[in-house]
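For reference, the chains in residue letters:
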Amino acid sequence: MITTVWNFRRINMNKNNNTNISKFNLSSGTNHNPPLLTLNDGYQIPIIGLGTTSLHNQTCKNAIKAALEIGIRLFDTASLYGNEKEVGETIRESNINRNEIFVITKLYPGAQFANPEKAIEEALNKLNTDYIDMMLLHHPGENDVKAYKAIEKYIEKGKIKSVGLSNWYIKEINSFLPQINIKPSLIQNEIHIYYQEKEVVPYMHNLNIAMQAWYPFGGRGHTFSVLNNPTIVSIAKDHNKTSAQIISRWLLQRGIITIVGSSNPIHIKENISVFDFELSNQEMELIASLDKNEKHDWY
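The structure presented is a predicted model; accordingly, all values stated were derived computationally and were not measured. Along each chain, the written sequence defines residue order, and numbers are assigned to residues from 1. Where local features are concerned, this predicted model is filtered to residues with pLDDT of at least 70; where side-chain atom pairs are given and counted, the filter is 80 or more; whole-chain, interface and lining totals use all residues. In computing side-chain values, all of the structure's heavy atoms are included and hydrogens and water are not.

**Comments concerning helix α5 (residues 144-157)**
To qualify as a helix, a DSSP run of H or I must reach at least 4 residues; to qualify as a strand, a run of E must reach at least 2; elements of each kind are numbered from the N terminus. How far a helix is expected to stretch is found by multiplying one less than its residue total by 1.5 Å. Over its 14 residues, α5 runs 20 Å from end to end, which matches the ideal 20 Å to within 8%, given 1.5 Å per residue. Working definition: with a 1.4 Å probe on protein chains only, accessible area under 20% of the residue-type maximum means buried, over 50% means exposed, and in between means partly exposed. By the burial criterion, the buried members of α5 are Asp-144, Val-145, Ala-147, Tyr-148, Ala-150, Ile-151, Glu-152, Tyr-154 and Ile-155. Any two residues whose heavy atoms approach within 4.5 Å are treated as being in contact. Looking at the buried residues of α5, the elements they touch are β5 (102-107), α3 (111-114), α4 (116-127), β6 (132-137), β7 (160-166) and α6 (170-176). Two residues or fewer past α5, Gly-158 is found with a positive phi of approximately 85°.

**Let's talk about helix α11 (residues 265-272)**
Turning to α11, its buried residues are Ile-268, Asn-271 and Ile-272. Buried residues along α11 cover an arc of 90° about the axis, so they all sit on one side. Sitting at the head of α11, Asn-264 places a side-chain oxygen 2.8 Å from the backbone nitrogen of Ile-266. The arc in question is traced by the directions running from the helix axis to the C-beta atoms. Counting of polar contacts relies on pairs of N or O atoms within 3.5 Å, with two restrictions inside protein: one atom must be capable of donating a hydrogen and the other of accepting it, and residues adjacent in sequence are counted only when both atoms are side-chain atoms.

**Considerations on the UniProt feature "site: Lowers pKa of active site Tyr" (unreviewed entry) in the protein chain**
UniProt positions are given in the numbering used here, feature names are shortened, and annotations may be inferred rather than shown by experiment. Per the UniProt record, "site: Lowers pKa of active site Tyr" (unreviewed entry) is found at Lys-106. Position of Lys-106 among the secondary structure elements: in strand β5. What makes Lys-106 buried here is its relative accessible area of 1%.

**Here we look at the pairing of β5**
Of all 6 residues that make up β5, 6 are buried, and the element is covered over most of its length. Every second residue of β5 is oriented toward a common face, with Phe-102, Ile-104 and Lys-106 on one face and Val-103, Thr-105 and Leu-107 on the other, all of them buried. In this view, the connection linking strand β4 (residues 74-76) to its parallel neighbour β5 by way of helix α2 (residues 84-93) has right-handed handedness. Relative to β6, β5 runs parallel, the two being bridged by 4 bridges. Its bridge partner lying in β6, Ile-104 is registered against Met-134. Throughout, right-handed denotes a crossover for which the path from the first strand over the helix to the second runs clockwise when the strands point away from the viewer. Between any two strands, at least two bridges found by DSSP are needed for them to pair.

The following block contains the structure:
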């Protein structure tokens with residue numbers, strides 16, 4: 001088993017002291033032990049995690065167990081996924097301290113935005129945890145400000161540590177920020193080689209908001225095309241790595257936290273084994289040239 005000694009506590013920060021959330025210290029990480037990023041609220045988050053969007057029942061639990069064994073400590077779930085219970089159970093059943101594991105979950109528009117306090121309590125109960133490390137709004141919708149302010153109240157209570165947003169872009173963030181009290185510490189968006197968000201990523205970084213990628217390999221129906229892109233395959237061959245590892249490394253070198261969904265222990269291990277090589281500036285530029293502004297989901 002891989003042993004890590006992480007404790008995702010808050011780092012004391014001066015209110016005016018911005019951390020550089022756009023550049024990761026990748027040299028401080030090793031395979032199975034990724035670095036931590038300090039967010040704008042002082043809390044730390046691992047820069048690689050496991051997404052659970054399509055994982056259910058024992059498949060979900062087995063994937064999380066495999067991830068924990070190889071050093072992953074960041075897990076992304078949501079009410080919409082219907083697996084918060086399994087995520088919480090697996091974390092409790094492990095012999096790893098809760099404060100070494102970072103859990104993200106999300107509220108979904110509709111009933112949860114309309115009655116956010118009830119939805120937050122349901123998430124805490126399903127995860128069966130004293131606190132949630134980070135709660136996101138799944139995407140913009142009616143009552144999103146109301147839902148966000150409810151999360152702010154739970155931060156004051158110590159029941160939630162950090163707050164963020166998912167599927168928010170420049171227009172959305174500009175209208176949203178004046179209506180809230182706590183700046184989001186993270187925005188989780190669709191980002192992959194065909195949809196690179198070249199304007200959104202630096203814009204959010206300039207606001208001192210961390211960026212996190214879902215669908216890093218293109219998502220359902222597109223993964224084969226992304227992983228078999230000739231440029232990616234060629235770069236992978238040069239480094240004796242898989243295409244998935246090249247894409248994960250490309251995202252990390254752009255300062256983007258990576259969430260990868262998989263139930264295959266071999267693939268999970270690959271996804272965290274990206275700290276023994278580096279992409280050159282030329283390789284980064286080659287991958288940048290693959291951008292098609294091609295979104296693969298409606299968010």
